[in-house]
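Chain by chain, the residues run as shown.
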Amino acid sequence: MTTLDERPASATVGSSSASHRDQRPVNGQATTLAVPREVESGHLLEMLSSGRGALVVGAAGSGKTHLVSQVLTTLTSADPSIRVVTLHADEPDYDLLGALEPILMQQKPGTLDPARWISQSLRARYDGHRVLLRVEDGQLLNRTSQQALSWLIRQGEVTVVATLRTSAAGQSPWLGLWKNNSLGRVDLSEFTRAELQAYLDARLGGTVTADTMWRIWNQTSGNPFHSTKLIEDQVRQGAFIESDGVWIWDGHSSPDPQLHDIVANDLERLSSDGRMLLEALALIGPLPVQVLHDLAPGDSVAELDRRGLLTTTSRTARDGSDELVTAVMHQLYADAVRTRVSSERSSEILRAVSKHVNTSRSTPALKLRYIEIALECGIDVQLAKV
């Protein structure tokens, strides 16, 4: 495997998430902007400095990797004796032992349990140095790897900092490690409206209109990675116009090539049922959770949730009861998914969803979206329904 990185933390590859600092010019003038995670980075640095490991938890694109990289650079600058071993779990059922194989002792795994094999190998390789094991996307580790890592943490054999999707933080072994105080925890949320406003104001050197702010928020739901990518793309296109010190966004959003690549990779990794659910949500919009379970097995919904592709909110149904409603993480991501759905595939999804459109719990908005997409696909829609 090529996901093992033993370089100093200061040289570790940065985040695939949003960087919160930039120095690109606006109208020819360099601007340094920051939406710092000062509280979160301070908390994480304090824990790692004391030798305590930590979980960094958040949705896809919330800046977990960036925060860890930033803190480890500070930590290793203060203490150059620290050795950071970085593992990027890039696929489900990721094998920790396989990734660590280049630095493990030539000892048959059958003679030692995996955790002790890792522990002895790290002590032998980094004798006299403090080892910090960094695991990206810990939710993708296979069960054996999770158990070995849990043992290492509980025994204090190595300091571990792991990034996790929010949905995984409440599952074993991560929840137990946090509850019994073996690991600390830092949670990263999406940008608040105030943070996104601060980013825009700093980036543009002036206040943006309320309409500009609302449109960007509506497209990205405050996701740090996708918000900053959208803003930078629109700056390059000259879509922000200044008028009397106020900035107006005179463009429209569309998925950039990088987002298309991300979506293509996500779709390839999904099961057929998981992909169908994601496409249905992208096409038709928010759907009640019970509808998703009717369309595909429950583990397909969990699959999308583990990957951080969903957002779930509560609302009052038309019959007065409370129900959970699920949507794609944000509008810009949904737009990128839709571009990859053919007319034939759209027709298949509409047929699967059609029986849920006329129920008493169906909202006018859902019916309208259904009719609009059906007409686009050339499907006959009864006049009474229109």
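Below you will find a few notes about this structure. (Residues numbered from 1 in each chain as written. Predicted model: local features only at pLDDT ≥ 70, side-chain atom pairs only at ≥ 80, totals over all residues. Heavy atoms only, no water.)

This part covers the overall build of the chain. Of regular secondary structure, the chain possesses 16 helices and 16 strands. Across the 386 residues that make up the chain, the buried fraction comes to 50%. Expressed as a percentage of contacts within the chain between residues at least 6 apart in sequence, the contacts between residues at least 24 apart total 72%. Total accessible area on the chain is roughly 18200 Å²; 48% of this is exposed by carbon and sulfur atoms. (Helix = DSSP H or I, 4+ residues; strand = E, 2+ residues; numbered from the N terminus. Buried < 20%, exposed > 50% of the residue type's maximum accessible area, 1.4 Å probe, protein only. Contact = heavy atoms within 4.5 Å. Areas by Shrake-Rupley, 256 points an atom, 1.4 Å probe, with all protein chains shown as cover.)

For the rest of this paragraph, the subject is the pattern of salt bridges. All chains considered together, the criterion is met by eight salt bridges. Residue Arg185 is joined to Asp187 by a salt bridge in which the shortest nitrogen-to-oxygen separation is 2.9 Å. For Arg185, a relative accessible area of 23% corresponds to the partly exposed category. When its relative accessible area of 40% is taken as the criterion, Asp187 is described as partly exposed. (Salt bridge = Lys/Arg side-chain N within 4 Å of Asp/Glu carboxyl O.)

What follows covers the environment of Glu40. Structurally, the position occupied by Glu40 is in helix H1 (residues 38–49). The spacing of Glu40 and Leu67 is 27 residues in sequence and 8.2 Å in space, taken between C-alpha atoms. If sequence neighbours within four positions are ignored, Glu40 has contacts with Leu67, Val186, Asp187 and Leu188.

To continue, consider the sheet that holds strand S13 (residues 246–249). With mixed pairing, three strands are arranged side by side in an open sheet as S11-S13-S12. Each edge of the open sheet is held by one strand with a lone partner, namely strand S11 (207–208) and strand S12 (240–243). Alignment of S11 against S13, held across two bridges, turns out to be parallel. Within S13, the residue paired with Thr207 across the bridge is Val246. (Pairing = 2+ DSSP bridges.)

Glancing now at empty space enclosed by the protein. In total, this model carries one cavity of 30 Å³ or more according to the counting rule given. Empty space within the largest cavity amounts to approximately 70 Å³. Phe225, His226, Lys229, Leu230, Asp233, Ser254, Pro255, Asp256, Gln258, Leu259 and Leu332 are the residues that line the largest cavity. Mapped by element, the contributors of at least two residues to the lining of the largest cavity are helix H9 (224–236) and helix H10 (257–269). Top contributing element to the lining of the largest cavity by residue count: H9, with five residues. Classifying every residue of the lining of the largest cavity gives five nonpolar, three polar and three charged. (1 Å grid on protein atoms, 1.4 Å probe; cavity = no way out; pocket = protein on both sides within 12 Å on 5 of 7 lines; lining within 4 Å. Points joined across faces, edges and corners; volume = space filled by probe spheres on them. Nonpolar A, V, L, I, M, F, W, Y, C, P; charged D, E, K, R; others polar.)

On to the nonpolar core. Grouped together as the largest cluster of nonpolar side chains are 54 residues, with contacts concentrated most on Leu200, Phe240, Leu278 and Tyr333. With eight residues, the single largest contributor to this core is helix H11 (residues 272–284). Apart from the residues within four sequence positions on either side, Leu278 is in contact with Leu267, Leu270, Leu304, Leu309, Val328, Tyr333 and Val337. (Core = buried A, V, L, I, M, F, W, Y, C linked by side-chain atoms within 4.5 Å.)

This brings us to the side chain of Thr220. Within the fold, Thr220 resides in helix H8 (residues 210–220). Classification of Thr220 by relative accessible area gives buried; the value is 0%. A distance of 3.0 Å separates a polar side-chain atom of Thr220 from the backbone oxygen of Ile216. In this view, Thr220 contacts His226, Ser227, Leu230, His330 and Leu332; residues no more than four positions away in its chain are not counted. (Polar contact = N/O pair within 3.5 Å; in protein donor to acceptor, adjacent residues only side chain to side chain.)

Below, the discussion takes up a nonpolar patch on the surface. Residues Ile241, Val246 and Ile248 make up a contiguous nonpolar surface patch of about 200 Å² in total accessible area. Considering the arrangement of structural elements, one finds Ile241 in strand S12. A residue is classified by how much of its surface remains accessible, and Ile241, at 40% relative accessible area, is partly exposed. (Patch = residues over 30% accessible without salt bridge, like charges linked within 9 Å, V, L, I, M, F, W, Y side chains within 5 Å.)

Side-chain alternation along S13 places Trp247 and Trp249 on a buried face and Val246 and Ile248 on a face that remains uncovered. Sheet topology places S12 next to S13; four bridges connect them, and they run antiparallel. Bridge pairing in S13 places Phe240 opposite Trp249. Hairpin remark: S12 followed by S13, antiparallel, with two residues in the connecting loop; positive phi at Asp244, about 55 degrees.

Summarising the element assignment, Lys229 is placed in helix H9. For Lys229, a relative accessible area of 21% translates into the label partly exposed. Residues Lys229 and Leu259, spaced 30 residues apart in sequence, show a C-alpha to C-alpha distance of 9.0 Å. The contacts of Lys229, once residues within four sequence positions are left out, are Asp256 and Gln258.

Let us look at unusual backbone geometry. Across residues other than glycine, the phi torsion is negative in most instances, and most of the peptide bonds are trans. The omega angle of the peptide bond from Ser172 to Pro173 is 0 degrees, so this bond is cis rather than trans. Along the chain, Pro173 falls in the loop between strand S9 (159–164) and helix H6 (174–179). Look at Asp244: it is not a glycine, yet its phi comes out positive at around 55 degrees. Residue position: Asp244 is located in the loop between S12 and S13.

Attention shifts here to the packing of aromatic side chains. Within this structure, the stated rule accounts for two aromatic pairs. Ring centres 6.4 Å apart and planes at 35 degrees place the aromatic pair Phe191 and Tyr199 in the tilted group. Here the two residues Phe191 and Tyr199 agree in accessibility, since each one is buried. Between Phe240 and Trp249, the aromatic rings sit 6.3 Å apart at their centres with planes inclined by 25 degrees, giving stacked as the arrangement. Note on accessibility: Phe240 and Trp249 belong to one class, buried. (Phe/Tyr/Trp six-rings, centres within 6.5 Å; stacked < 30°, edge-to-face > 60°.)

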